[in-house]
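Structural characterization, general
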Amino acid sequence: MNMAENNPAPIASDRLASDPLTSVSSASVSPASVSLTPVFVRLKLSLLRNGLRQSSGRAVAYIASAVIALLLAAAQFLGLFLLRGSDHAGTLVVLLTALLALGWAVMPLFFPGGDETLDPTRLVMLPLRPRPLVGALLAASLVGIGPLFTLCLAVGSSAATAHGAAAVAVSVLAVPLVLLVCVALARAVATANIRLLTSRKGRDLAVLSGLVIAVGIQVVNFGVRRLGEAGGLAALDPAARVVRWLPPASAMGAVESVSEGAYGRAVAQLLLTVAALAALLYAWQRSLVKLMTAPDGSTLATAEPARKESVWQPGRLLPEGRTGTVMLRSLRYVWRDPKTKAAWVTSLAIGLIVPLFNALQGTGTIYFACFAAGMLGIQMYNQFGQDTSAFWMVALTISSTRDAYLELRARALALLVITLPYSALVTVATAALLGDWQALPEALGLSFALLGAMLATGAVASARFPYSIPQDSGYKNVAPGQAGLAWISIFGGMLGGALLCAPVLALTIWIHVSGADEWAWLLLPAGAAYGALAAAGGLRVAAPRTAERLPEILMAVSKG
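Residues numbered from 1 in each chain as written. Predicted model: local features only at pLDDT ≥ 70, side-chain atom pairs only at ≥ 80, totals over all residues. Heavy atoms only, no water.

Here's the deal with the overall build of the protein chain
Looking only at helices and strands, the protein chain features 23 helices and 0 strands. Counting only residues that meet the buried cut, the protein chain has 42% of its 560 residues in that class. Nonlocal contacts in the protein chain, meaning residues at least 24 apart in sequence, comprise 82% of its contacts between residues at least 6 apart. Carbon and sulfur atoms provide 68% of the accessible area of the protein chain, an area that totals close to 27800 Å². (Helix = DSSP H or I, 4+ residues; strand = E, 2+ residues; numbered from the N terminus. Buried < 20%, exposed > 50% of the residue type's maximum accessible area, 1.4 Å probe, protein only. Contact = heavy atoms within 4.5 Å. Areas by Shrake-Rupley, 256 points an atom, 1.4 Å probe, with all protein chains shown as cover.)

Pasting the structure below:
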């Protein structure tokens, strides 16, 4: 293991070129005396420090996230400590520990770029043995906000269930075991899937992070409501009896078992956690060996036979001429561009989650289905921003107001290919969950009217308030200095869309107030026709503005 004779800077990135990690002379240190652990811990600290030096915005975001995480950890610690002595404290503790471990397991899949040290392919060219490398990477993984948050939660969990000196002694073993199992689980998952995570498919997988977060929040909200209806934490006792035997929750279960005097059960639970840690470390080591010795996909690609081209071409289903070409380009943006795909996935998920989860909780109404049309209509805003500097090619094809109108109309039609059936599907699903089939026609009419109004205002906002979407930043969706344009475009357009949809809403209210509910079905054709007219009118208004402002639009969308 000749770690001292190799500059550790290439392990991570060029940013470590100025780091003083390599101050130790390789001639004065023998290979046997070099320990990888302090080197990798200093490497992790250098990555954090140099990453924060890149920009003040990144430093502020990191510090803010650290403060929020620590405040949340302190609140959880206090809450768990106040549960001390409660009959159901052990139930909550083991379930929280299991959820924490699940979070550690899935975080590398959806946020592969959050920690640069998760990528062991940077170490492939170094003469490092797997076993000491695993220990060094495990120690380096303990540096960061996530491990500190996990440690606080584990200490609070043990404080809630430890009663007596024996339980406190067991908690001294259980707390680090929980932390090590969580970190080793994240490392094993990341290493086993690193080829996927560093590929284009892996970056596409990260797009689903917004969906996971949105669904998770709704599931937690739904679960809290159900717990309130079922009598509190007592309803979770059956699940906790199973989970307390699953590592790392079994380590927290051991603390509770000792408090109850069940020493044999506590030993078995601790041994289960130790065995799980050993299995994770072994799987991690095997993945490292395979990763550092097996050829990657780029090496094997030349040996594979030529792939047959797909016969089916979706462009054949679209209209000919400029309309079909622009529609196909827009749909390909949705499928291939990471930022565009992330925006669509988030809108589709939230547009479905809000009405359906409210319907499941018994607090919703069928009119919540209009939320899907509103979320999807937002995708019409800043249409030229997704083109970035390549908008110059689009600008060259626009020489008149007619060309601008065809361009905007084709982009709106591409959105309707997805948004129109999806809005109808969400509305029908909401009506099915609520059993309110009588209100389905008017809800569909309102959704179609709102969607048309959003397309109209989105076309005008795209021409009047374009802004750039940075492609090299994973967390910025607006170029520096253009945040005001984004706020005006989105929220001003949403307010304009709501006002534009007011006649259909007023007609709906009048029908119900006047008692003419038998004519409510007319709102479906009326809303659809009004939405189509509103969208066509908005495109007519935006077309001349687009044709006049092509240089300004190109300059605005090229800043990222």
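That covers the picture; the talk isn't over yet.
Re unusual backbone geometry
Look at the link from Pro247 to Pro248: it is a cis peptide, with omega at -5°. Note that Pro248 resides in the loop between helix 10 (237–243) and helix 11 (249–259). The phi dihedral of Asn382 is positive, around 55°, even though this residue is not glycine. Among the structural elements, Asn382 can be located in the loop between helix 16 (370–377) and helix 17 (391–396). Note on Asn382: relative accessible area 4%, which makes it buried.

Considerations on the nonpolar core
Among the nonpolar cores identified, the biggest contains 47 residues, and Phe40, Leu123, Leu128, Leu133 and Trp284 are the most heavily contacted of them. Broken down by element, the residue count for this core peaks at 13 residues, all from helix 6 (residues 165–192). Formed by 28 residues, the second largest nonpolar core is a distinct cluster that contains Val334, Leu406, Ala543 and Val557. (Core = buried A, V, L, I, M, F, W, Y, C linked by side-chain atoms within 4.5 Å.)

Focus: the packing of aromatic side chains
The full count for this structure, using the stated rule, is 1 aromatic pair. Here Phe384 and Phe391 contribute two aromatic rings whose centre-to-centre distance is 5.0 Å and whose plane-to-plane angle is 55°, an arrangement assigned as tilted. Each member of the pair, Phe384 as well as Phe391, carries the same accessibility label: buried. The side chain of Arg540 reaches across the aromatic face of Tyr405, ending 4.1 Å from its centre. (Phe/Tyr/Trp six-rings, centres within 6.5 Å; stacked < 30°, edge-to-face > 60°. Lys NZ or Arg CZ within 6 Å of the ring centre and 35° of its normal.)

Some words on the pattern of salt bridges
Evaluated as defined, the whole model comprises 7 salt bridges. Arg244 is the salt-bridge partner of Glu256, the closest N and O atoms lying 2.8 Å from each other. Residue Glu256 is located in helix 11, and its partner Arg244 is located in the loop between helix 10 and helix 11; the two are separated by 12 residues in the primary sequence. With relative accessibility at 14%, the residue Glu256 sits in the buried group. For Arg244, a relative accessible area of 13% gives the class buried. A salt bridge links Arg265 to Glu260; its shortest N-O distance comes to 2.7 Å. Connected through shared salt-bridge partners, Arg322, Arg329, Asp387, Glu407 and Arg411 make up one network. (Salt bridge = Lys/Arg side-chain N within 4 Å of Asp/Glu carboxyl O.)

Focus on the confidence of the model for the protein chain
Within the protein chain, residue pLDDT values average 79, and 78% of them lie at 70 or more. Scored below 50 in pLDDT, residues 1–33 shows 61 contacts in the model against residues more than four places distant or in partner chains. Long-range and interchain partners of residues 300–312, a stretch whose pLDDT sits below 50, account for 3 contacts in this model, where long-range means more than four residues apart. (pLDDT = per-residue confidence, 0-100.)

Brief notes about a nonpolar patch on the surface
A cluster of nonpolar side chains, namely Leu70, Phe77, Leu78, Phe81, Leu82, Leu148, Leu151 and Val155, defines an oily patch on the protein surface of about 680 Å² accessible area. Contributing elements (two or more residues each) for the nonpolar patch: helix 2 (56–82) and helix 5 (145–161). With 5 residues, the single largest contributor to the nonpolar patch is helix 2. Positionally, Phe77 belongs in helix 2. Take Phe77: its relative accessible area is 32%, and that puts it in the partly exposed class. (Patch = residues over 30% accessible without salt bridge, like charges linked within 9 Å, V, L, I, M, F, W, Y side chains within 5 Å.)

Description of the state of the cysteines
What the rule picks out here adds up to 0 disulfides. No disulfide involves Cys370; its nearest neighbouring cysteine sulfur is the one of Cys501, lying 7.5 Å away. Judged by its relative accessible area of 8%, Cys501 is buried. (Disulfide = S-S within 2.5 Å.)

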